Amino acid sequence: FDTGRVAAGEQIRCTRCRAVLIVGADDMATILQAPLTIDSGPIDSHPAVAHGSRALEAGQVVGKCRIQRKIGQGGMGAVYLAEHQTLQIPVALKVLPPQVAERDPHFADRFMREAQLAARIRHPNVMAVMDTDRDATTGLCFIVLEYVSGGSVRELIAKGPLTEARAIEIAIAVAQALTAAEAH
């Protein structure tokens, strides 16, 4: 779609599946900084995002990382458990879907800036960024992150209610990480 001014609330349709993408901002700069949504929720929850993309398979190599399995999915890409072939350690590999980068090069730039900014943060509650690049073979933009085992807070909550003490402990850890990020 046109990257010029976009009317607030204007409906833009996916050119492939015709899903309605809801734009709630007055200009593209704001749209690029905001989470993308569709009429039913975050854009990564809709098949419109998956056009032409396939999950990376175990054994595939991106950069210097050999994929083991997918461990997560978010608005800016999928995250895989991988082994860094040079360092021989497990890493989290965040990959920007190619259709997102193709749709607008600003997304690829934003993805790489995310890695550059996050790499400056040194805090025990923030995963360390080890590398970012575009794979010469696949063309995929990726970020190599420290792998921290144990699952996500979402998975923890899915197992059952947290105690008040555990919820407070997690909230404090998140607040400390956000404070460290804000300083950069």
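Residues numbered from 1 in each chain as written. Predicted model: local features only at pLDDT ≥ 70, side-chain atom pairs only at ≥ 80, totals over all residues. Heavy atoms only, no water.

Focus on the overall build of the chain
Condition: Secondary structure counts use DSSP, requiring at least four H or I residues in a row for a helix and at least two E residues in a row for a strand, with both numbered from the N terminus. Throughout, a contact is declared for two residues whenever any of their heavy atoms are within 4.5 Å. Here the Shrake-Rupley method, with its probe set to 1.4 Å, supplies the accessible areas, and only the displayed protein chains count as covering residues.
In terms of regular secondary structure, the chain is built from five helices and 10 strands. Within the chain, residue pairs in contact and separated by at least 24 positions form 39% of the contacts whose partners lie at least 6 positions apart. Of the accessible surface of the chain, which amounts to about 11500 Å², a share of 54% is contributed by carbon and sulfur atoms.

Structural notes on helix 3 (residues 105-119)
This is how it is decided: For a helix, the expected span equals 1.5 Å multiplied by the residue count minus one. Only protein chains enter the accessibility calculation, which uses a 1.4 Å probe. A residue is then buried if its area is under 20% of the maximum for its type, exposed if over 50%, and partly exposed in between. Note: the arc covers the axis-to-C-beta directions of the helix.
For helix 3, built from 15 residues, the straight-helix expectation of 21 Å at 1.5 Å per residue is met to within 8% by its first-to-last C-alpha distance of 22 Å. For helix 3, the set of buried residues is Phe107, Ala108, Phe111 and Ala115. Take helix 3 and look down its axis: the buried residues cluster within an arc of 105 degrees, on one side only.

A short note on a nonpolar patch on the surface
Cut-off, in case you're wondering: Patches here are clusters of residues that have more than 30% relative accessible area and form no salt bridge, with a 9 Å joining cutoff for like charges and a 5 Å cutoff for nonpolar side chains (Val, Leu, Ile, Met, Phe, Trp, Tyr). A pair is scored as a salt bridge if a Lys or Arg side-chain nitrogen falls within 4 Å of a carboxyl oxygen belonging to Asp or Glu.
On the surface, Leu87, Ile89 and Met130 cluster together into a nonpolar patch covering about 240 Å² of accessible area. Checked against the element boundaries, leucine 87 lands in the loop between strand 7 (77-84) and strand 8 (89-95). Judged by its relative accessible area of 48%, leucine 87 is partly exposed.

Overview of the sheet that holds strand 5 (residues 61-62)
We apply this condition: Strands pair, by our definition, only if DSSP identifies at least two bridges between them. The axes are straight lines fitted to the C-alpha atoms, using for helices just the contacting stretch, and the angles between their N-to-C directions are given from 0 to 180°.
Reading across from one edge, 5-6-7-8-10-9 is the order of the six strands in this open sheet, with antiparallel pairing throughout. Edge positions in the sheet fall to strand 5 and strand 9 (129-134), since each of these pairs with one other strand and no more. Bridging between strand 7 and strand 8 involves seven bridges; their strand directions are antiparallel. If you follow alanine 78 over to strand 8, its bridge partner there is valine 95. Taken strand by strand, helix 3 contacts strand 8, strand 9 and strand 10 (141-146), and its axis lies near 160 degrees from that of strand 9.

Things to note about the side chain of histidine 84
To be explicit about the condition: Residues adjacent in sequence count toward polar contacts only when both atoms are side-chain atoms; beyond that, a polar contact is any pair of N or O atoms within 3.5 Å, and within protein one must be able to donate a hydrogen and the other to accept it.
Within the secondary structure, histidine 84 is located in strand 7. Here threonine 86 takes part through its backbone nitrogen, which lies 3.3 Å from a polar atom of the side chain of histidine 84. Filtering out sequence-adjacent residues up to four positions away, histidine 84 remains in contact with Lys64, Cys65, Ile89, Val91 and Val144.

Considering the environment of cysteine 141
Looking at the secondary structure, you find cysteine 141 in strand 10. On the basis of relative accessible area, cysteine 141 is assigned to the buried category, the value being 2%. Here the alpha-carbon distance between cysteine 141 and valine 62, two residues 79 residues apart in the chain, equals 9.1 Å. When near neighbours in sequence (up to four residues on either side) are disregarded, cysteine 141 contacts Lys94, Val95, Leu96, Ala108, Phe111, Asp133 and Arg134.

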